[in-house]
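Working through the structure, step by step
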Amino acid sequence: MAKRITICAGIDTGKAKLDVAVDGSSEQWQVDNTVEGHQALVEWLKRRKVKRIGIEASGGYEQAVVAELRRKRFVVILFQPKQVCAYATFHQLLAKNDKIDAALIAMCTAAVKTIHPAPDPRLQPFAEHLTMIDQITEDIARLKNRLESCRDTRIQGIWKAQIALLAKSKRAELKALLAAIRQHPDLAARLDLIYSVAGCGLPTAVAVLVRMPEVGNITRGPAAALGGLAPYDDDSGNHTGARHIEGGRERLRRALYNAALAASFRWNPQLKALYARLIAAGTPQMRAHRLRQKAARHHQRRRRPRNSLGGRGASRA
């Protein structure tokens, strides 16, 4: 029997241009990173019977073309830059330009063994909206730091007025985001389920819903890794190093940390007991905080009923 071959392409994304290469072929092409360019790209790929496309994340410049390719039913793999860099290092490919990068991404795409389902396209605009709310929060924190070190009463008044204005804007934007999510009954049900966990406020529930769409369909290990909470080994020979967390989704980890910190002191009996037990056993405080975050993530996962999130049945502690 003839072996079926999936034709793969790679796209190097720039602000203005897209460089395209097909794996196993010397043919390359460049097209504008515009709506018209995306349409021309789709036709070019179809003529070459490309089925799978790899694109390196590039500060958001890739989002429009990724959405268009997925709408046209291409399998699209979004690589992180360090993945492509590691692949190039492994193959000792040192030269770098846009055409070479496109060919390299095509090679990475062909080498992928496991294809994950595309994320729910409804969540992309919610993620951008939530990022804006996070950025407002960061602006408020910066202004509060300025206010704390300021001794001029007139300038203090300016900072306080800006803080109040931003806080009002943050409340309005969160309300608008919640309203947009609740227009989708399935997302609204999922949000309410996450929110039902003791110590999980609405902002945290929204962060979990939007920034971890895999929740309910993965086990606790991958969930902890996505949240940046998985403890990784650091052992070699007779050396046993301290476990440490690394990677994951930074904004999601920050939201979980802030929620777990308050929940373990006041709102969630299970997390309070876990934190007390860790501290009593001599666990360093920050490591106890991280383990508590991981437990909170696991507790939320266990509460997902099969019929709404695809996970196992609800478990109420």
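Residues numbered from 1 in each chain as written. Predicted model: local features only at pLDDT ≥ 70, side-chain atom pairs only at ≥ 80, totals over all residues. Heavy atoms only, no water.

**Describing the overall build of the chain**
In terms of regular secondary structure, the chain is built from 13 helices and 7 strands. Across the 317 residues of the chain, 37% fall into the buried class. When contacts within the chain are restricted to residue pairs at least 6 apart in sequence, long-range pairs at least 24 apart make up 55% of them. Carbon and sulfur atoms make up 54% of the accessible area of the chain, which amounts to about 18700 Å² in all. (Helix = DSSP H or I, 4+ residues; strand = E, 2+ residues; numbered from the N terminus. Buried < 20%, exposed > 50% of the residue type's maximum accessible area, 1.4 Å probe, protein only. Contact = heavy atoms within 4.5 Å. Areas by Shrake-Rupley, 256 points an atom, 1.4 Å probe, with all protein chains shown as cover.)

**Description of the layout of surface pockets**
If you add up the space inside the second largest pocket, you get close to 420 Å³. Taken together, 18 residues make up the lining of the second largest pocket; nearest its centre are D134, T137, P203, A255 and N258. At the level of elements, helix 5 (123-149), helix 6 (153-181), helix 8 (202-211) and helix 10 (250-267) are the ones that each hand at least two residues to the lining of the second largest pocket. Taken together, the residues of the lining of the second largest pocket sort by class into 8 nonpolar, 4 polar and 6 charged. (1 Å grid on protein atoms, 1.4 Å probe; cavity = no way out; pocket = protein on both sides within 12 Å on 5 of 7 lines; lining within 4 Å. Points joined across faces, edges and corners; volume = space filled by probe spheres on them. Nonpolar A, V, L, I, M, F, W, Y, C, P; charged D, E, K, R; others polar.)

**Here we look at the pairing of strand 1 (residues 8-13)**
The element strand 1 is extensively covered by neighbouring structure, given that 6 of its 6 residues are classed as buried. Here strand 1 shows two buried faces, one formed by C8, G10 and D12 and the other by A9, I11 and T13. Relative to strand 4 (residues 52-56), strand 1 runs parallel, the two being bridged by 4 bridges. Residue pairing for strand 4: A9 is matched across the bridge by I53. Linking strand 1 back to strand 2 (residues 17-22) in an antiparallel pair, the connection comprises 3 residues. (Pairing = 2+ DSSP bridges.)

**Regarding the sheet that holds strand 5 (residues 75-79)**
What links the strands of a sheet is backbone hydrogen bonding, and the strands pair in either a parallel or an antiparallel sense. Taken together, 5 strands build an open sheet; the order of strands is 3-2-1-4-5 and the sheet is mixed. Edge positions in the sheet fall to strand 3 (28-32) and strand 5, since each of these pairs with one other strand and no more. Sheet twist, expressed as the mean angle between neighbouring strand axes with direction ignored, is 25°. Sitting on the sheet, helix 1 (residues 35-47) is in contact with strand 1, strand 2, strand 3 and strand 4, with an inclination near 155° to strand 3. (Axes fitted to C-alpha atoms, helices over the stretch in contact; angles between N-to-C directions.)

**Overview of the nonpolar core**
Nonpolar side chains in soluble globular proteins tend to end up buried together. One finds F126, L177, I181, L191, V206 and V210 to be the most contacted residues of the largest nonpolar core, which totals 27 residues. Of all elements in the fold, only helix 5, helix 6, helix 7 (185-195), helix 8 and helix 10 reach the threshold of two or more residues within this core. In terms of residue count, the dominant contributor to this core is helix 8 (6 residues). When sequence neighbours within four positions are dropped, the list of residues in contact with L177 reads F126, H129, L130, I133 and V206. (Core = buried A, V, L, I, M, F, W, Y, C linked by side-chain atoms within 4.5 Å.)

**Thoughts on the environment of E62**
Here E62 lies in the loop between strand 4 and helix 2 (63-71). On the basis of relative accessible area, E62 is assigned to the buried category, the value being 6%. Each C-alpha atom, one on E62 and one on T13, is 6.0 Å from the other, the two residues being 49 residues apart in sequence. When residues no more than four places from it in sequence are discounted, the contact partners of E62 are T13, I55, E56, A57 and L78.

**Digging into the packing of aromatic side chains**
Scanning all chains against the criterion turns up 1 aromatic pair. With a centroid separation of 5.3 Å and 15° between ring planes, the pair formed by W29 and W44 is classed as stacked. On the criterion of sequence distance, the pair formed by W29 in strand 3 and W44 in helix 1 is long-range, its members being 15 residues apart. A residue is classified by how much of its surface remains accessible, and W29, at 27% relative accessible area, is partly exposed. (Phe/Tyr/Trp six-rings, centres within 6.5 Å; stacked < 30°, edge-to-face > 60°.)

**Side note on the packing of helix 3 (residues 81-90) against helix 4 (residues 98-111)**
The contact between helix 3 and helix 4 brings their axes to 10 Å, and the two run at 95°. Judged by the angle between their axes, helix 3 and helix 4 are roughly perpendicular. Residues V84, Y87 and A88 of helix 3 form the contact with helix 4, whose participating residues are L104, I105, M107, C108 and A111. Looking at side-chain class alone, the contact of helix 3 with helix 4 contains 8 nonpolar, no polar and no charged residues. (Parallel < 35°, antiparallel > 145°, perpendicular 65-115°, else oblique.)

**Considering the side chain of H38**
Mapped onto the elements of the fold, H38 is located in helix 1. The residues contacting H38, other than those within four sequence positions of it, are L18, D32, N33, A64, V65 and E68.

**Side note on the confidence of the model for the chain**
Taken over all residues, the pLDDT of the chain has a mean of 85, while the share at 70 or more is 88%. Looking over the chain, one finds the lowest element-wise mean pLDDT in helix 13 (residues 306-309), namely 40, and the highest in helix 6, namely 96. This stretch, residues 305-317, has a pLDDT under 50; its non-local contacts, to residues over four places away or in other chains, come to 35 contacts. (pLDDT = per-residue confidence, 0-100.)

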